[in-house]
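Now for the letters of each chain:
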Amino acid sequence: MMSEIKMPQLGQTSDEIRLIKWIVKEGQEVKRGQALCEVETDKVTMELESVESGIITKLIAQPDSQIKTGEVIAIVENSMKAMSANREKNAEGKNVVSSKHTNDSEFLNIDDRKVPSIEQIPINTTVKTELKFKKNALNKNEKFTKSTPEKGISNKNILETTKVFILTTKEKKKILDEIGTQKAVQMYMKMTLIRSFEERIKLLFLEGKMPGTIHQYIGQEACAVGVCSALEQNDIIASTHRPHGHAIARGIPINEIMAELYGKTTGCCKGKGGSMHIGDLSKGMLPAIAIVGGNIPIVGGMAMAFKLKNQSRVAISFFGEGATNEGAFHEGLNMAAVYNIPAVFVCENNSYAASTPASLTIKIQNIAERACAYGMRGDIGDGMDVLNVYQHAKKAIDIARSGQGPSLLELKTFRLCGHSRRDPCNYMSKEEREYWKGKDPITLYEGFLLSESVLDKDFLSKIKNNIELEIDKAIEFGQNSPDPKPEDIFKDLYVDMEVPR
Amino acid sequence: MKLSVAEALRKAIYDEMKRDSNVFCIGEDIAIQGGFGGAFTVTLGLEKEFRDRMIDTPVSEIGIFGYACGAAIMGMRPIADVQYGDFLLCAMDQIINQIAKLRYMSGGKIKVPVVMRAPVGVTGRGAQHSQCLEPYFLGCPGIKIVAPSTAYDACGLLRAAVRDDDPVLMFEHKLLYGSKGMRQETGAFDASSEIPDEDYIVPIGKGIIRRPGKDITIVASLLMMHFSMMAAEILEKEGISCEVIDPRTLWPIDIDLILDSVKKTGRIAIVEESPKQHGIGAEIGVQISERIVDYLIAPVTRIAAPNTPAPFSPVLEKIYIPQVERIVSTVKKVLNYQI
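Residues numbered from 1 in each chain as written. Chains lettered and ligands numbered in written order. Predicted model: local features only at pLDDT ≥ 70, side-chain atom pairs only at ≥ 80, totals over all residues.

## Observations concerning the domain arrangement of chain A
Here's step 1: Examined at the domain level, chain A breaks down into domain 1 (2-78) and domain 2 (118-480).
Here's step 2: Considering only residue class, the side of domain 1 of chain A that touches domain 2 of chain A consists of five nonpolar, three polar and two charged. (Domains from an automatic or database assignment. Nonpolar A, V, L, I, M, F, W, Y, C, P; charged D, E, K, R; others polar.)

## Remarks on the domain arrangement of chain B
Residues and elements named next belong to chain B.
Here's step 1: Each domain of chain B was delimited in the assignment, giving domain 1 (2-194) and domain 2 (208-335).
Here's step 2: Its C-alpha centre places domain 1 at a distance of 26 Å from the equivalent point of domain 2.
Here's step 3: On the side of domain 2, 23 residues touch domain 1, which itself brings 25 residues to the contact.
Here's step 4: Sorting the residues of the side of domain 1 that touches domain 2 by element identifies α6 (134-138), β6 (144-146), α7 (151-163) and β7 (168-173) as the ones contributing at least two each.
Here's step 5: A class-by-class count of the residues in the side of domain 1 that touches domain 2 yields 15 nonpolar, seven polar and three charged. (Contact = placed C-beta atoms within 7 Å. Helix = DSSP H or I, 4+ residues; strand = E, 2+ residues; numbered from the N terminus.)

## Describing the environment of Gln-98 of chain B
Here's step 1: Note on placement: Gln-98 of chain B falls in helix α4 (residues 92-99).
Here's step 2: In this structure, the C-alpha to C-alpha distance between Gln-98 of chain B and Phe-171 of chain B, residues 73 residues apart in sequence, is 20 Å.
Here's step 3: Apart from the residues lying within four places of it in its own chain, the contact partners of Gln-98 of chain B are Ile-289, Gly-294 and Ile-298 of chain A together with Gly-66, Cys-69 and Asp-93 of chain B.

## Details of the interface of chain A and chain B
Here's step 1: Taken together, the contact pairs 38 residues of chain A with 36 residues of chain B.
Here's step 2: Mapped onto the side of chain A that touches chain B, the elements with two or more residues apiece are α9 (295-308) and α10 (327-339) of chain A.
Here's step 3: Here the side of chain A that touches chain B takes 10 residues from α9 of chain A, the largest share from any one element.
Here's step 4: The class makeup of the residues in the side of chain A that touches chain B is 22 nonpolar, nine polar and seven charged.

## Details of α10 of chain A
Here's step 1: Helix length check: α10 of chain A, at 13 residues, gives a terminal C-alpha distance of 18 Å against a target of 18 Å (1.5 Å per residue), a fit within 8%.
Here's step 2: Those residues of α10 of chain A that are buried are in contact with α9, β11 (343-349) and β15 (407-412) of chain A together with α3 (61-73) of chain B.
Here's step 3: Phi turns positive, to about 55°, at Asn-340 of chain A, one or two residues after α10 of chain A. (Expected span 1.5 Å × (residues − 1).)

Quick look at the structure:
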């Protein structure tokens, strides 16, 4: 079957897009998500990804020409037969890739001695102080007692200082022994599910098949999965405008998430929430709060309720480093410390608030240092290593549950995708992106599990295939679920009264 | 027993905390030993019996309403309190984006039964402590808004608010809390009532005819209700019969009560202590126009504050607030209207 690839709507305003050049050739086989061509709108230059897999039979649009939204730019051959053949080939391909990596000692040997050690990297005074400071803090496992110098953080410093927190293979093995292989594999599956889910819906958005907007979690999977794996059933999490990963990690069924993204009645919020409000309190997640910092005082209140009701539950707030510049963060954390409530404030520091680097808005190196201003416990974890996150989160959660008060847990991580749909991340340097791609939490964890023989390659490809199938089903479920009825607009606002009309 | 509004509110809070261990108070200065029980003595002394459930906060309005929101979601019944209604504006995200919307955006899966108490009224404190903020919140679906003008209603509405599963914002008037002792201040108005011993509530959404009449309907809340009653008294002597309606709940407003009255009188004046622009009078006026315009024998009239911030100067403040004389003269104009 032949499929047409059309120019999607790029951004809110532009419907005239310039095709700069083709990256692929006629006759070439492309996969969904593969870059096809470079395009330019009035705002950005970006690579346009293929929404189809198949063989390029014709490139219609001419390089260096203006294309209108909806115009056919290429034709792809992708019969069902070809597609399924392609999928089988893919699965085999994954095996091949894995066995290739088996021979690649560098891939499997993730012993951190291979990573340039901190000594090898030119260290400025800020980093040195940080090391000393961090050592004290971590050894005592407790409060930060002083702040680092006032020098602004460059991205490079962030990259370098995160090495301080990296676990050795020996330490990872110890955590693996603690949690057991079953849980370790579950964590891997959750991370992979998040990644695949995000990759797939990204394409659905680009194809224009999904309404609204999305903020994706690619690259930060270890944070959500590490923290949620340390929770108990009755605990509650609260998320942000970037909630898909937290929702999947917390166990909201992906059918319900997908249906919510489509605005359907079978969604976890009956289609009234959408991408930025995914959640289901009955499954341990407040509908996500899409105002930056907005969930922080709410989580404080939930934890306060646990304390007032004498319940052994913990409330978790997820937010980014940008949220720590909000008044809600200050008020929420101060009150949490004063009331000594069972909450953990998890700051996923991905270095960028939308496009603004943290170095422009925050003068300290580590967000966790802000804890000391409230007399609260602060801690830092490696947000690219799920075992590291788990270890730090478990500790903070245990402390909270045992009545010893809240923590601010900073996880150094990175968004390996745009802030929102169609963000080409032109504000990030290539070097920086490459560095963090090298720390891809799924690749690293996968390598570790393989090297520890927790997983083998066959099982791995089974997992990946199953996840793809599960997502296929979720997409079908979402697409085929019923839309809300017009009168539903008046439902679900008040508990015991009709909406006055 | 006869209680002032502040005492009646205190009684309602006490009774509700006694009745339900999930009820708690959270706010600034509400339960400090040797303090004043909130800015207007409402919670005075409650900490003696309910130390754990009287939560004094830092000066953190986002925190107060955010914490109340989270606790309510987890099954508590918070009564969150600001010293002056004006400070609600510091917490607008929590009130408008979170408290009012969480139920809807969860698809009706959660409840946010927060009670928010806020003193309003133009009372010699200048532009940032004297606002009547009702219109700011009336444009926000998802919260119920009540405004008691008597001690009886204050007690009954607060009980109803605590037991209501939706967020309820209660506006209280600074000059109506009490007129004696600690509550003595210029212009303070005696709104005390006989409060029955037995448990009662004033249902949310139900207005009341304070004074029946046949020539014109006057709608007014809080202090303006009392001013309207005084105006009606004067007008009665001049042969004009006013029907004074106190909506008691501003949203959902008891519009049927008002419409029925206007069908009878054919005239209406809405008295507002807040600026005229986009106020509750505008909403009521348009609803009348949409639904029963044929009954009108004179234009809908608003008697409101000017479209400015509240001034400090006592001379200007007196002009700002709709006084009894202004109500009287405006009503006369409406009565004299000839088609």
